[in-house]
Amino acid sequence: MHLKMAGIYIHIPFCASRCIYCAFYSTTSLDLRQRYVDAVCRETGDRSQETGVRSIYLGGGTPSQLTISQLHQIFDALYKYNKVSEDAEVTIEVNPDDVTADFVEGLRTLPINRVSMGAQTFDDERLRFLHRRHTAAQVAEAVQRLRAAGILNISIDLMYGFPGEMFTDWEHDIEAALALNVEHLSAYCLTIEEGTPLHKIMKRYNEDGHTGDSPQCVPLPDEETEREMYYTLKDRLEAAGFEHYEISNFAKPGFRSRHNSSYWNGTPYLGLGASAHSYDGNTRSWNIADIQQYIEGMERGERLFDSEAIEGDTRYNDMVTVVMRTREGLDLTQLSEKHRDYCLKNARHFIDNGLLKTNDNHLSLTRKGLFISDMILAELIKI
């Protein structure tokens, strides 16, 4: 299978510790790292791309938990077996405390030109509650080290809507993020995922008022406060020169995430590693979400995965739920007449209420509709 203008995602599922809110596939067992890297390199060779790899993204987990030598091994395989564009965007996700002087020195020897860093908050007490390994000061130190290493494209992640978070706390986090002068920022409202430690803590609190191990485990901000947090973020970042180009993503001009944009605009991409997803324009596939089985499968030359065809209503639903997240919205001319009529019929009351708008054959969210986008998009899909 050859993907036109592909992005390549490599899932690195290792973490030194688990954050209490995280539901992504990862493990704190680090002893399988080398076998896993070997398996990813084997999969890279088996699924080589001959055309136009425009972005590479190492996500996780925590890719910065790999050694520089292991990262070299992965990139050697990527560039050996794939035709990577000279101007490719090459991103690695890091934890701030992993960005040591030695790590940064190693980055200089790799083709990485973009770093995405999980800051989450600049409140040290809240970071401890979340079981984050870094401090607020380490975020600024990491940015300084990355700049010194020549990384000119830095993104940070923030979260809001924590238990006990006040509106003024969120304003402080926004200003602290802007002070770092990074090129890109992603911000997400905390969701309580079933099965996570945070879900158990909040369930216990809701049942009997028990606050668990932290005085911060108090009720979550109400929906109106979260809405105000979101729009304050939007207004403050836009005033600082950022473009709000996707529901949760902001970029300075010219610094949109090329890789993530490929997900939102339907560009094919290749996913390598345990639990990684791939899309070739017609089929979506995903590797087994089990590190041990993934490794053992690749060691015997077998990729363990499932897949589904993307056609008809499935393709329409994909376009609605993904493309509609972007500033540009959904190009209605790309839909069949049947799906266009269905979409516009279901969108009518949202348009009338100022939650959606149409412009030049595009349907997109208005400012008013952004915060409740999940509800709106659920009404547009075909079940």
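This report concerns the structure included in the present document. (Residues numbered from 1 in each chain as written. Predicted model: local features only at pLDDT ≥ 70, side-chain atom pairs only at ≥ 80, totals over all residues. Heavy atoms only, no water.)

## Some details on the nonpolar core
For clarity, the cut-off: Buried residues of nine kinds, namely Ala, Val, Leu, Ile, Met, Phe, Trp, Tyr and Cys, make up a nonpolar core once their side-chain atoms join them within 4.5 Å. The buried label applies to any residue whose accessible area, calculated with a 1.4 Å probe on protein chains only, is under 20% of its type's maximum; exposed applies above 50%, and partly exposed to all values in between.
Of all hydrophobic cores here, the largest spans 92 residues; its most connected members are Phe 122 and Leu 356. Ranked by size, the runner-up nonpolar core spans 5 residues in total, among them Phe 129, Leu 130, Met 159 and Leu 190.

## Structural notes on the packing of aromatic side chains
Put simply, the test is: Any two of the Phe, Tyr and Trp rings considered here, Trp counted by its six-membered ring, make a pair once their centres fall within 6.5 Å; the pair's planes then place it as stacked at under 30 degrees, edge-to-face at over 60, or tilted in between.
What the rule picks out here adds up to 10 aromatic pairs. Relative to Tyr 231, the ring of Tyr 230 lies with its centre 5.2 Å away and its plane at 75°, an arrangement referred to as edge-to-face. Among the residues examined, Tyr 230 registers a relative accessible area of 3% and is labelled buried. Under the relative-accessibility criterion, Tyr 231 is labelled buried at 12%. Relative to Tyr 342, the ring of Tyr 316 has its centre 6.0 Å away and its plane inclined at 85°; by these criteria the two rings are edge-to-face.

## Some thoughts on the pattern of salt bridges
Convention followed: The term salt bridge refers to a pairing of a side-chain nitrogen on Lys or Arg with a carboxyl oxygen on Asp or Glu at a separation within 4 Å. Per the convention used, a helix needs a DSSP run of H or I reaching at least four residues, while a strand needs a run of E reaching at least two, with both numbered from the N terminus.
Tallied over the full model, the rule gives 22 salt bridges. Where Arg 284 meets Asp 318, a salt bridge forms, and the shortest distance between an N and an O atom there is 2.1 Å. Here Arg 284 is found in strand E11 (residues 283-287), whereas its partner Asp 318 is found in helix H11 (residues 312-323), with 34 residues between them in sequence. Taking relative accessible area as the criterion, Arg 284 reaches 16% and is therefore assigned buried. Judged by its relative accessible area of 22%, Asp 318 is partly exposed. One salt-bridge network, held together by shared partners, links Glu 243, Arg 256, Arg 327 and Glu 328.

## Section: the packing of helix H12 (residues 337-352) against helix H14 (residues 373-380)
For any two helices packed against each other, the geometry comes down to the angle between their axes and how far apart the axes lie. Threshold: What counts as an axis is a line fitted to C-alpha atoms, over the stretch in contact for a helix, and the angles between N-to-C directions run from 0 to 180 degrees. For a crossing to be left-handed, the near helix must be turned anticlockwise from the far one by less than a right angle; the clockwise case is right-handed. Throughout, a residue-residue contact means that at least one pair of heavy atoms, one from each residue, lies within 4.5 Å. Just so you know the grouping, Ala, Val, Leu, Ile, Met, Phe, Trp, Tyr, Cys and Pro go in nonpolar, Asp, Glu, Lys and Arg go in charged, and all remaining residues, Gly too, go in polar.
Axis separation between H12 and H14 bottoms out at 8 Å; the angle between their running directions is 140°. In terms of crossing hand, the pair formed by H12 and H14 is right-handed. Counted together, Tyr 342, Cys 343, Asn 346, Ala 347 and Phe 350 of H12 and Met 375, Ile 376, Glu 379 and Leu 380 of H14 form the full contact between these two elements. Taken together, the residues of the contact of H12 with H14 sort by class into 7 nonpolar, 1 polar and 1 charged.

## Quick word on the sheet that holds strand E14 (residues 356-359)
Here is the rule we go by: Here, a strand pair is defined by DSSP locating no fewer than two bridges between the strands.
Taken in spatial order, the 3 strands make up an open sheet running E13-E15-E14, and their pairing is antiparallel. Each end of this open sheet is capped by a strand with a single partner; those strands are strand E13 (330-331) and E14. As judged from the 2 bridges shared by E13 and strand E15 (residues 362-365), these two strands associate in the antiparallel manner. By the bridge assignment, Leu 330 is partnered in E15 with Leu 363.

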